[in-house]
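# Structural overview for review
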Amino acid sequence: SGLSQEAGSVEQLSLHCAEGSLEWLYPTGALRLRLAPRLPPTSAAVKGGSPPHVTACIKPTGTFRGAQLYLEREGVLELLLPEAPRPRARCFSWLPQEKVALFLQATPHPDISRRIAAFRYELRGDWLARPALPAASPSFEGACRPCNDTEILMAICTSDFVIRGSIRSVSNDAELQESIIGVSATRIHRQKFPLFQAGGRGGRPAGSIRTPLRCGVKPGPGTFLFTGWLHFGEAWLSCAPRYRDFQRIYEGAQRTRQNPCEFPVD
């Protein structure tokens, strides 16, 4: 609570958890949040490989008021969230040797009405399987590019969910710049959290997967293999080949013993 802070003071905090949330009541002065996630080593850190990046995503609550959030990188401030922002995620990456922090600065107000600056955050190592980050990351140009064979094979091994099914609807959210794909599942190969549950057409599990609006997803016939990542409790699309194309790719990798993991194909 800012009620326990002196005006003009800066409180120092460290964020070590891979994900969490922060709620600042009656913002006063500023908070400086050092980003220091405890991350496991990744294959990118192997000798000769490219340096591993760390990625952070910030998503404000719909009632974010009383402060502005800045990214502090090597002493330079960049505005991430103005006061009363749209509830969209903002993502950014940095190298471990870079000095990065979040600077949450209270905005002056003439009255003392209740305000809360609150957001959720995710801190994780470099996503090796090229996930589609939210539309708030326009610099991620590859988000709409179809996955190549290697990326598809890695996606079935490492994704948070792997769902075989069909597209039953596509709706667009212009404000959040997101497309929401309604999926009817014929088989749930893996899901770390119950994203797809029974209750769809014919009793099949159903759920929704998000992707940037700029990707221009259209509903179409056929069976797909949907893979992707959980992001702030929502499913985000990574690779989604037609199932028959996936079968061809996987069986070809099996013959040459280049499949990175075993996967049931029928």
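What you are looking at is a predicted structure, and each value in this text was computed from that prediction instead of being measured.

### Some thoughts on the environment of C144
- When you line up the elements, C144 lands in the loop between β9 (116-125) and α1 (149-158).
- Separated by 70 residues in the primary sequence, C144 and R214 place their C-alpha atoms 7.8 Å from one another.
- Every residue in contact with C144, bar those within four places of it in the chain, is listed here: R214 and C215.

### Some words on the side chain of R164
- Checked against the element boundaries, R164 lands in strand β10 (residues 161-173).
- Of the residues examined, R164 reaches a relative accessible area of 11% and is grouped as buried.
- A distance of 3.1 Å separates polar atoms of two side chains, one belonging to R164 and the other to Y243.
- With residues near it in sequence (within four places) discarded, R164 still touches S184, A185, T186, R187, H189, T223, F224, L225, Y243, P264 and D266.

### Details of α1
- Every buried residue belonging to α1 is among E151, I152, L153, A155 and I156, and all of these are buried.
- The opening residue of α1, the one whose side-chain oxygen lies 3.2 Å from the backbone nitrogen of T150, is N148.

### Section: unusual backbone geometry
- In this model, Y26 sits at a positive phi of 45 degrees, which is unusual for a non-glycine residue.
- Take Y26: it is sitting in the loop between β2 (19-25) and β3 (30-35).

### Things to note about the pairing of strand β11 (residues 178-191)
- Sheet topology places β10 next to β11; 12 bridges connect them, and they run antiparallel. Its bridge partner being in β11, I163 is matched across the sheet by I188.
- Hairpin geometry of β10 and β11 is characterised by an intervening segment of four residues between the two adjacent antiparallel strands and by a positive phi of about 55 degrees at Q177.
- Examined bridge by bridge, β11 and strand β12 (residues 206-212) share seven bridges and lie antiparallel to one another. If you follow E178 over to β12, its bridge partner there is P212.

### Points about the environment of A84
- Here A84 is to be found in the loop between β6 (76-81) and β7 (90-94).
- Along the primary structure A84 and R65 are separated by 19 residues, whereas in three dimensions their C-alpha atoms are 5.4 Å apart.
- Ignoring anything within four residues of it in the chain, the contact list for A84 reads F64 and R65.

### Structural notes on the side chain of E122
- In this fold, E122 is placed in strand β9.
- Residue E122 is classed as buried on the basis of its relative accessible area of 4%.
- A polar side-chain atom of E122 sits 2.7 Å from the main-chain amide nitrogen of F232.
- If we skip the residues at most four places from it in the chain, E122 touches A18, E19, T55, A56, C57, L230, H231 and F232.

### Let's talk about helix α2 (residues 243-255)
- Look at α2: 18 Å from first C-alpha to last across 13 residues, which is about the 18 Å you get at 1.5 Å a residue.
- Turning to α2, its buried residues number three or more, namely Y243, F246, Q247, I249, Y250, G252 and A253.
- Contacts made by the buried residues of α2 are with α1, β10 and β13 (224-231).
- A positive phi of about 55 degrees marks R257, the residue just after α2.

Rules used throughout
- Residues numbered from 1 in each chain as written.
- Predicted model: local features only at pLDDT ≥ 70, side-chain atom pairs only at ≥ 80, totals over all residues.
- Heavy atoms only, no water.
- Helix = DSSP H or I, 4+ residues; strand = E, 2+ residues; numbered from the N terminus.
- Contact = heavy atoms within 4.5 Å.
- Buried < 20%, exposed > 50% of the residue type's maximum accessible area, 1.4 Å probe, protein only.
- Polar contact = N/O pair within 3.5 Å; in protein donor to acceptor, adjacent residues only side chain to side chain.
- Pairing = 2+ DSSP bridges.
- Expected span 1.5 Å × (residues − 1).

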